[in-house]
Amino acid sequence: MIMDFLTKLTRSYLIDRDSHFVFRSAGEIQFPKMDSIDLYIHIPFCRNMCPYCPYNKIRYTKKYVAPYLDAMLSEIEQYHSRLGTIEISSIYIGGGTPTSLIDELGIILERINDRFEVAGDICIETNPADINSEIVRKLEQFGIDRVSLGVQSFDDKYLKLIGRNYHSGIVNSAISQLRSKFKSTNLDLMFALPGQTTNEVLTDLQKALDARADQVTLYPLFSFPYSSAGKYLKLKKVKFPNLFRRREMYRAIHDFCQNKGYQRVSVWGFKRGDVPSFSSVTRDLYIGLGAGAGSHIPGAFSFNTFSVKAYIKTSLNKKLPIALRMGLTDSISRYYWLYWRFYDTYIPKKQFQDLFKDDRKIHRLLWAATKLGLCKETEDQIFLTESGSFWIHLIQNYYILNYINKVWTVAMEQPWPKEIKI
Ligand SMILES: C[S@@+](CC[C@H](N)C(=O)[O-])C[C@H]1O[C@@H](n2cnc3c(N)ncnc32)[C@H](O)[C@@H]1O
Ligand code: SF4
């Protein structure tokens, strides 16, 4: 209720009450001239279908592997012919379980290197059940720089409860095989699991720090209506964990990480020292390859078709498999930039002034947030306090989960939706 009210209030304060964001069936997209862009690669295959998972994925089936690889190579060629040999400033490989197509990933990265100038780091998501010495050797050989391991919990009781297909022994073995091989290793944990206490969350966190994680990212468990858990629970909307329990856990996680010398890098994550941080979402402009991958190019957002079959067929027919597109005005692009700076929990003042010097609404909002103790200013940045991070993460969650939930629900049901209004 309170989140509904707060988010509707900010939306109608910043944007017209009656205006909507509309994704429309895309057709061919015009790409502006760009010198560089980030790349996102989506591998939608998993050997275990976790019941809570909202991401676009299907069960690993050998028959799709070769066609999916060919479709992605075709997509790379199509972007190359439209954009030329531009710079790729970073690559993020997510899923699904990217390592389920490990050899194919080598071929995909090689093709990207042949067609573009890859300048930045390569990040990948991994799953403990998939890690072995052969996979780690290949990741190193492909030049992967940063790795994230989806641990979720070190406690066998909770691993079983959320339907993961491994036990804590496998987690520890995966961590020791990955350790010190990459520039940075992030461990994902989930909290506010059914029945979990704050002490149990901190025990998990302690184990992650004992394992010398460079970064830890902690997500509260959300139930999505279209996940198998959501269907089982007959959900209509995204279900958030209890607010009070979540507040207590969020504060305990913050204090624990600060005391251990880990600094906040996002509303969810903490890292130690100067290691580079691991993040899937804070890239500004990017092109997504693969079924369901999103792209943000100047002036537009788009999504590829979520259907693996439709993706393969369209891409092999030498067409870009883009299903939905939404044009972005300059002011929405600026708010989008600010949204992700809030996610980072700090805003560089110089860039902020350049982008928002004439936007009195945003200045008023920040003034009110400072008065409420949600943010503070230093000479060169505005940063969120612990309570600011908590409230911003709630608002962001609400936006992202409800809006993304709406787009994803339709896109998972229809390969080529005509229109989605959010
Ligand atoms: C793209 S996902 C999956 C990475 C990898 N496939 C795995 O399962 O380990 C990235 C992270 O999102 C988090 N996540 C997934 N589903 C979630 C949910 N329903 N609620 C909260 N966090 C979730 C998990 O921590 C997961 O590691
Ligand atoms: S949580 Fe990860 S492994 Fe499980 S189904 Fe989702 S993407 Fe696959």
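Relevant structure appears above.
Residues numbered from 1 in each chain as written. Chains lettered and ligands numbered in written order. Predicted model: local features only at pLDDT ≥ 70, side-chain atom pairs only at ≥ 80, totals over all residues. Heavy atoms only, no water.

Peer 1: Whenever I open this one, the site of ligand 1 confuses me. Can you help?
Peer 2: Around ligand 1, the structure places 18 residues, and the nearest of them are Gly96, Gln152, Arg164, Asp188 and Phe222. Here a nitrogen atom of ligand 1 and a backbone polar atom of Phe222 are 2.8 Å apart. Considered on its own, ligand 1 offers 570 Å² of accessible surface; in the complex 92% of this is hidden by protein. Within the residue set of the shell around ligand 1, elements represented by two or more residues are strand E7 (122-126), strand E8 (146-152), strand E9 (184-191) and strand E10 (215-220). Residue composition of the shell around ligand 1, by class: nine nonpolar, six polar and three charged. (Near = heavy atom within 4 Å. Polar contact = N/O pair within 3.5 Å; in protein donor to acceptor, adjacent residues only side chain to side chain. Areas by Shrake-Rupley, 256 points an atom, 1.4 Å probe, with all protein chains shown as cover. Helix = DSSP H or I, 4+ residues; strand = E, 2+ residues; numbered from the N terminus. Nonpolar A, V, L, I, M, F, W, Y, C, P; charged D, E, K, R; others polar.)

Peer 1: What exactly am I supposed to notice about the sheet that holds strand E19 (residues 381-384) here?
Peer 2: Strand pairing in a sheet relies on backbone hydrogen bonds. The paired strands run either parallel or antiparallel. Spatially, three strands are ordered E17-E19-E18 in an open sheet, and the strand pairing comes out antiparallel. In this open sheet, the two edge strands, each paired with only one partner strand, are strand E17 (346-348) and strand E18 (375-377). Strand after strand, the sheet turns through a mean of 15 degrees between neighbouring axes, direction not considered. Pairing analysis gives three bridges linking E18 to E19, with the strands arranged antiparallel. Residue pairing for E19: Lys376 is matched across the bridge by Phe383. Of the strands in this sheet, E17 and E19 are in contact with helix H11 (residues 330-344), which crosses E17 at around 125 degrees. Most of the contacts of helix H12 (residues 349-356) go to E17, to which it runs at about 70 degrees, and overall it touches E17, E18 and E19. (Pairing = 2+ DSSP bridges. Axes fitted to C-alpha atoms, helices over the stretch in contact; angles between N-to-C directions. Contact = heavy atoms within 4.5 Å.)

Peer 1: Help me understand the packing of aromatic side chains, please; the structure alone is not making it clear to me.
Peer 2: Where two aromatic rings form a pair, the distance of their centres and the angle of their planes describe that pair. All chains considered together, the criterion is met by 18 aromatic pairs. Here the aromatic rings of Tyr335 and Phe356 are separated by 6.3 Å at their centres, their planes lie at 15 degrees, and the arrangement is stacked. Pair noted here: Tyr335 is in helix H11 and Phe356 is in helix H12, with a separation of 21 residues, a long-range link. Of the residues examined, Tyr335 reaches a relative accessible area of 14% and is grouped as buried. Ring centres of Tyr336 and Trp340 lie 6.3 Å apart, and the angle between their planes is 80 degrees; this geometry places the pair in the edge-to-face category. Here the residue Tyr336 and the residue Trp340 both occupy positions in helix H11, the gap between them amounting to four residues, near one helical turn. The two residues Tyr336 and Trp340 agree in class, both being buried. An aromatic cluster of three or more residues is present, and its members are Phe23, Tyr55, Phe303, Phe306 and Trp408. (Phe/Tyr/Trp six-rings, centres within 6.5 Å; stacked < 30°, edge-to-face > 60°. Buried < 20%, exposed > 50% of the residue type's maximum accessible area, 1.4 Å probe, protein only.)

Peer 1: I would appreciate a short explanation of the pattern of salt bridges in the present structure.
Peer 2: Should their charged atoms come close, side chains of opposite charge can pair. Enumeration according to the criterion identifies 17 salt bridges in this entry. Note that Asp35 is salt-bridged to Lys33, the shortest N-O span being 3.8 Å. Between Asp214 and Arg272 there is a salt bridge, with its nearest N and O atoms 2.8 Å apart. With Asp214 in the loop between helix H7 (198-210) and E10 and Arg272 in strand E12 (residues 269-272), this residue pair connects regions lying 58 residues apart in the sequence. Judged by relative accessible area, Asp214 falls into the buried class, the value being 10%. Judged by its relative accessible area of 32%, Arg272 falls in the partly exposed class. Put simply, Asp103, Glu134, Arg137 and Lys138 are held in one network by salt bridges that share partners. (Salt bridge = Lys/Arg side-chain N within 4 Å of Asp/Glu carboxyl O.)

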